[in-house]
Amino acid sequence: MGRFVTDETGKVVMHISSPDILTQESIDFWEKEYGIELRCDICNVRLQPGDQKDHFWPYFSDYNRCRKCLEKEKT
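Note that this is a predicted model, so its numbers are computed, not measured.

Colleague: An account of the side chain of Gln52 is requested, with residue identities and associated values reported.
Modeller: Inspection of the secondary structure puts Gln52 in strand 4 (residues 52-53). Of the polar contacts made by the side chain of Gln52, one reaches the backbone oxygen of Tyr63; its length is 3.0 Å. Setting aside its immediate chain neighbours within four residues, Gln52 contacts Pro19, Asp20, Ile21, Leu22, Leu47, Tyr63, Asn64, Arg65 and Leu70.

This is the structure in structure tokens:
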């Protein structure tokens, strides 16, 4: 599970994410819940089942990745 990193005053300075792998049911739920589409943070394509969602989405989308961009990152 992801978490926030705070400074000595308690201000959030960064987040550490553990991405979630999406299913069609989870995509439908998240998009209906927040009223916005899940999109890849690199190429901006709409995410599909098997893609990954940032654990802190919609507050952060740094780790939203489509499979194509995930494969490019691995090489």
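Colleague: Got a sec to walk through the environment of Asp20? Specific residues and values, please.
Modeller: Within the fold, Asp20 resides in strand 3 (residues 20-21). Judged by its relative accessible area of 26%, Asp20 falls in the partly exposed class. Through-space distance from the C-alpha of Asp20 to that of Gly50 is 9.4 Å; in sequence the pair is 30 residues apart. Excluding residues that lie within four positions of it along the chain, Asp20 makes contacts with Asp51, Gln52, Lys53 and His55.

Colleague: Report on a nonpolar patch on the surface, specifying residues and quantitative values.
Modeller: A surface patch of nonpolar side chains, about 340 Å² in accessible area, is lined by Tyr34, Ile36 and Tyr59. Summarising the element assignment, Tyr34 is placed in helix 1 (residues 24-34). The exposure class of Tyr34 is partly exposed, given its relative accessible area of 35%.

Colleague: Now, about the pattern of salt bridges: what can you tell me, with residues and values included?
Modeller: All told, the structure shown has seven salt bridges when counted by the stated rule. Put simply, Glu37 and Arg46 hold a salt bridge, and the shortest N to O gap is 3.5 Å. Residue Glu37 is classed as partly exposed on the basis of its relative accessible area of 36%. A salt bridge links Arg65 to Glu73, with the nearest nitrogen and oxygen atoms 2.7 Å apart. Residue Glu73 is classed as partly exposed on the basis of its relative accessible area of 44%. Connected through shared salt-bridge partners, Glu31, Glu37, Arg39 and Arg46 make up one network.

Colleague: An account of the packing of aromatic side chains is needed here, citing residue identities and associated values.
Modeller: Per the counting criterion, the structure on display carries four aromatic pairs. For the ring pair Trp30 and Tyr34, a centre distance of 6.0 Å and an interplane angle of 10° mean the geometry is stacked. Note that Trp30 and Tyr34 are positioned in helix 1 at a spacing of four residues, about one turn of the helix. Classification of Trp30 as partly exposed rests on a relative accessible area of 23%. Consider the rings of Phe56 and Phe60, whose centres lie 6.4 Å apart with planes at 75°: the pair is edge-to-face. Classification of Phe56 by relative accessible area gives buried; the value is 12%. For Phe60, a relative accessible area of 26% corresponds to the partly exposed category. Lying over the aromatic face of Trp30, Lys53 brings its terminal NZ or CZ to 4.5 Å of the ring centre.

Reading the values: the criteria
- Residues numbered from 1 in each chain as written.
- Predicted model: local features only at pLDDT ≥ 70, side-chain atom pairs only at ≥ 80, totals over all residues.
- Heavy atoms only, no water.
- Helix = DSSP H or I, 4+ residues; strand = E, 2+ residues; numbered from the N terminus.
- Polar contact = N/O pair within 3.5 Å; in protein donor to acceptor, adjacent residues only side chain to side chain.
- Contact = heavy atoms within 4.5 Å.
- Buried < 20%, exposed > 50% of the residue type's maximum accessible area, 1.4 Å probe, protein only.
- Patch = residues over 30% accessible without salt bridge, like charges linked within 9 Å, V, L, I, M, F, W, Y side chains within 5 Å.
- Areas by Shrake-Rupley, 256 points an atom, 1.4 Å probe, with all protein chains shown as cover.
- Salt bridge = Lys/Arg side-chain N within 4 Å of Asp/Glu carboxyl O.
- Phe/Tyr/Trp six-rings, centres within 6.5 Å; stacked < 30°, edge-to-face > 60°.
- Lys NZ or Arg CZ within 6 Å of the ring centre and 35° of its normal.

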